[in-house]
Each structure stands twice: as C-alpha cells, then as structure tokens.
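# Structural overview
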Amino acid sequence: MSINTVGIIGSGTMGLGIAQVCAQAGKKVVLVKATPGDIERPRGKFVGSLDKAVERGKMEAALRDTIIANITFTDQEEAVADCDLVVESVIEDIEIKKALFNRLEGICRADAILGTNTSTLSVTAMMAVCQHRDRVAGLHFFNPAPVMSLVEIVHGFETSDATLKALNAFCKEIGKAPVLVQDTTGFIVNRLLTPYMLNAIRMLERGTGTIETIDQAMMTGAGLPMGPFALADYIGLDVVIAMSQNIYEDVREGHHAPPHTLVRLVQLGYLGRKTGKGFYDYSAKPPVGNPALVHPVI
Ligand code: CAA
C-alpha cells in the first residue's frame, strides 16, 4: 500500500514537525488541532517558523509555499477520513490516546494505517481498543522532526507485516531512517536517553557539578550536540517526567522514578524552552542555569 495522504492529530511541536516533514516530501497532509482553541495559533506558529527559515536563507521561498499548500489545517477529526495514514501526536495520556484510536476506527477507511507518535506508552494498549489491530503501529519521530532522521517503527503485538512494510517504505520516501523496534516502554532511544537525563539530574542534586559544567562536559567529552539539561529543556520537562513515570511504572526500579528537582520544576510550571524556563532561564541572553538550582537541592 502506498501512503500519499497523511492525517496528523495534534498540533504541538511534534505534530507540526511531522506535518512539515511529510508536506516537504510532497505528501498531502491534514493537520488536526486536537484541543479546543483557535486553529490560527498553530497555523501562525508553523508559517512563522517557515518564514524565519526563508529569511535566514535556510529554505527556498518556493519550498515554503509548497509545504503550506500541501497542508490543510482543521479542528475537525473527521477531516482525516480519506487519509492513507493517520498519526496521532496528542498528549502522553494512555486513556486519551485509546479514546482517540477508538474514534479514528469509526472515521478512517478500513485499510488506513493508524500510527502513534508516543514516546513511551504501549502501542499494544492503543491497538487493544481497535477492531482492525493489524493496521496499528508506532511511528515515533524525534524533535526537531525536520532535522532528526530517525523514526522508530514500533511493532505492536498484532501489527501486520504489511503495515510495517508500508511504514518502512513511507519513512524512506519522506527522507527518514527507520528502525524497527518491539513494543517495549521507551522503545530504543527513550529507554536509553531517559535514564541518562535522570542520572544527570541526580548528579546535579549530589553537587557533582553545575548545570553548565555537566552539559559542557557531555558536549565536549562525549561529542553530543547538547548536554543533558539543555536536551531535557528542549524535549520539555513535562515530557521527560512522563517518560520517567512510564518507564518506572513498567519496571518498578527506583532509579527510573523522577528525581526531586524534576518534580519540583514541573510543579512550578518550568517546563523548559517552551515556557522560557526549566533547568535554564531562556529570558537571559545567553541562557543561564536556573538560579534556584545553582546550589544543589539535596
Ligand atoms: N526545524 C527545522 N530545522 C531546524 C530546527 C527546527 N526546529 N532546529 C534546527 N534546525 C536546523 C537548522 O536550520 C540548521 O540547519 P542547517 O544545518 O541546514 O543550517 C541545523 O538544524 C542546525 O541548527 P542550528 O545551527 O540552529 O543549531 P544547532 O547546530 O545547535 O542544532 C539541534 C540544533 C538540531 C536541535 C541540535 O542541537 C541537536 O541535534 N540536538 C539534539 C536533539 C535531540 O537529541 N533530539 C532528540 C530528543 S528525544 C525525542 O525527541 C524523543 C522523544 O520522544 C521525546
């Protein structure tokens, strides 16, 4: 089966990024805002970021226009009825995702593939609420989606070979490098990356180093583009804590539970770049470590 039209449910960072990748590769995209609110907000954000790329000479104006022309923005889930593939990228809440899959089965064609961009939740749990379970799979993109090549194709318990093959071909068509992974909490990347970020936070709490020195050490000593605190802020601390909770829930090993400092930052609404403050304070130029965390918390 070839995939030419893609529905994306959720217009957050990942939904918009996936929409860009697909539209840029010539796919027709229907992007559905999943929560109530003005559709012009995500649309404006999307167009604004493409405009910025054009202004900085990173993108041709013609490509921007093609991308925009390939995307229909809507707040109506029913608009994905004719899509070959629908990818959900809504909040990391299993009950919300299960309810969405249930509704999608009623909306989509029987041969459409239903994918989830979940970071750590069980694809099989989402599949379980569906009648046609063979066409459900994980399709996990990485942030920023237009830049990161990897897509984890997640094999749920009853995903068919035909679905996996179609997704593999689709990923290649949109310029991504897919890997096949079994449905285990965190798949490959987040299962390794989440404990790494949690360990860095515990290292900060022990006073081994500061936010800046730990980040700098991992960039210059391990050759990574960002240190663990910059990365956590980039991903979003609400996402990092959800990944930690989901992995902990699965394995029940204490070192996977969210550290104290992460819990407190999320309680305060300091979610990283998207709120202007997390481990770093982005209102300062250049960003500095959150003053509340300069001295180890424990
Ligand atoms: N959209 C499109 N292009 C973008 C972009 C975006 N949001 N952000 C950066 N870019 C492009 C830039 O235009 C630039 O392109 P060129 O090389 O063609 O000029 C390139 O990426 C590099 O960007 P910058 O020079 O602005 O900045 P940088 O060199 O500091 O790179 C970064 C920024 C790509 C984010 C880099 O720091 C990086 O790779 N960081 C690690 C990101 C990472 O690990 N992501 C995975 C997180 S885990 C996840 O997502 C899974 C999950 O489920 C939570």
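Structure's up top.
Here the structure is a predicted model, which is why all the values come from computation and not from measurement.

### Some words on the pairing of strand β5 (residues 113-116)
- Of the two faces of β5, the one holding Ile 113 and Gly 115 and the one holding Leu 114 and Thr 116 are both buried throughout.
- Examined bridge by bridge, strand β4 (residues 85-88) and β5 share four bridges and lie parallel to one another. Note on β5: the bridge partner recorded for Val 87 is Gly 115.
- Taken together, β4, helix α4 (residues 94-107) and β5 form a β-α-β motif whose crossover is right-handed.
- With three bridges joining them, β5 and strand β6 (residues 136-141) adopt parallel strand pairing. Across the sheet, the residue bridging to Thr 116 is Gly 138, located in β6.

### Here we look at the packing of aromatic side chains
- Inspection of every chain in the model, using the stated rule, returns three aromatic pairs.
- Where Tyr 280 meets Tyr 282, the ring centres are 6.3 Å apart and the plane angle is 55 degrees; that geometry is what we call tilted. As far as the burial class goes, Tyr 280 and Tyr 282 line up, both buried.

### Points about the side chain of Lys 27
- Within the secondary structure, Lys 27 sits in the loop between α1 (13-24) and β2 (28-32).
- Judged by its relative accessible area of 6%, Lys 27 falls in the buried class.
- Residues contacting Lys 27, with those up to four places away along its chain left out, are Ile 3, Asn 4, Val 6, Cys 22, Asn 70, Phe 170, Glu 173 and Ile 174.

### A short note on the site of the ligand
- By nearness alone, 17 residues border the ligand, and Lys 58, Ser 119, His 140, Asn 143 and Asn 190 come closest of all.
- With respect to the ligand, the side chain of His 140 contributes an N or O atom lying 2.7 Å from an oxygen atom.
- Those elements that provide at least two residues to the shell around the ligand are α7 (189-206) and α9 (228-235).
- Counting residues per element, the shell around the ligand draws most heavily on α9, at three residues.
- Here the residues of the shell around the ligand sort into 11 nonpolar, four polar and two charged.

### A look at the environment of Met 59
- Looking at the secondary structure, you find Met 59 in the loop between α2 (40-55) and α3 (61-69).
- Separated by 217 residues in sequence, Met 59 and Gly 276 have C-alpha atoms that sit 26 Å apart.
- When sequence neighbours within four positions are dropped, the list of residues in contact with Met 59 reads Gln 20, Gln 24, Leu 50, Ala 53, Val 54, Arg 64 and Ile 67.

### A closer look at α2
- For α2, with 16 residues, the first-to-last C-alpha span of 21 Å sits near the 22 Å given by 1.5 Å per residue.
- Of all the residues in α2, the buried ones are Pro 42, Phe 46, Val 47, Leu 50 and Ala 53. Taken end-on, α2 shows its buried residues confined to a sector of 125 degrees, consistent with a single buried face. In α2, those exposed residues whose orientation departs by more than 90 degrees from the buried face are Arg 41, Lys 45, Lys 52 and Glu 55.
- Packed against the buried residues of α2 are α1, α3 and β3 (71-74).
- Note on α2: the residue one or two positions beyond its end, Gly 57, has a positive phi of about 75 degrees.

### Looking at the pairing of β4
- A two-sided burial pattern is seen for β4, the buried positions comprising Leu 85 and Val 87 on one face and Val 86 and Glu 88 on the other.
- Sheet topology places strand β1 (residues 5-9) next to β4; four bridges connect them, and they run parallel. For Val 6, the partnering residue across the bridge sits in β4 and is Leu 85.

### A few points about the sheet that holds β1
- One open sheet holds the eight strands; their spatial order is β3-β2-β1-β4-β5-β6-β7-β8, and the pairing between them is mixed. The open sheet has two edge strands with one neighbour each: β3 and β8 (177-182). Averaged over all pairs of adjacent strands, the angle between strand axes in this sheet comes to 25 degrees, irrespective of strand direction.
- With four bridges joining them, β2 and β3 adopt parallel strand pairing. Residue pairing in the sheet places Val 29 in a bridge with Ile 71 of β3.
- Packed on one face of the sheet, α1 meets β1, β2, β3 and β6 and runs near 170 degrees to β2.

### Digging into the pattern of salt bridges
- Under the defined criterion, the tally for this structure stands at 13 salt bridges.
- Notably, a salt bridge pairs Glu 92 with Lys 97, separated by 3.0 Å at the nearest N-O pair.
- Notably, a salt bridge pairs Glu 158 with Arg 133, separated by 3.7 Å at the nearest N-O pair. One end of the pair, Glu 158, is in the loop between β7 (150-155) and α6 (161-173); the other, Arg 133, is in the loop between α5 (123-127) and β6, and 25 residues separate them in sequence.
- Because the salt bridges share partners, they merge into one network encompassing Asp 51, Arg 64 and Asp 65.

The rules behind each value
Residues numbered from 1 in each chain as written. Predicted model: local features only at pLDDT ≥ 70, side-chain atom pairs only at ≥ 80, totals over all residues. Heavy atoms only, no water. Buried < 20%, exposed > 50% of the residue type's maximum accessible area, 1.4 Å probe, protein only. Helix = DSSP H or I, 4+ residues; strand = E, 2+ residues; numbered from the N terminus. Pairing = 2+ DSSP bridges. Right-handed = clockwise from strand over helix to strand, strands pointing away. Phe/Tyr/Trp six-rings, centres within 6.5 Å; stacked < 30°, edge-to-face > 60°. Contact = heavy atoms within 4.5 Å. Near = heavy atom within 4 Å. Polar contact = N/O pair within 3.5 Å; in protein donor to acceptor, adjacent residues only side chain to side chain. Nonpolar A, V, L, I, M, F, W, Y, C, P; charged D, E, K, R; others polar. Expected span 1.5 Å × (residues − 1). Arc of directions from axis to C-beta. Axes fitted to C-alpha atoms, helices over the stretch in contact; angles between N-to-C directions. Salt bridge = Lys/Arg side-chain N within 4 Å of Asp/Glu carboxyl O.

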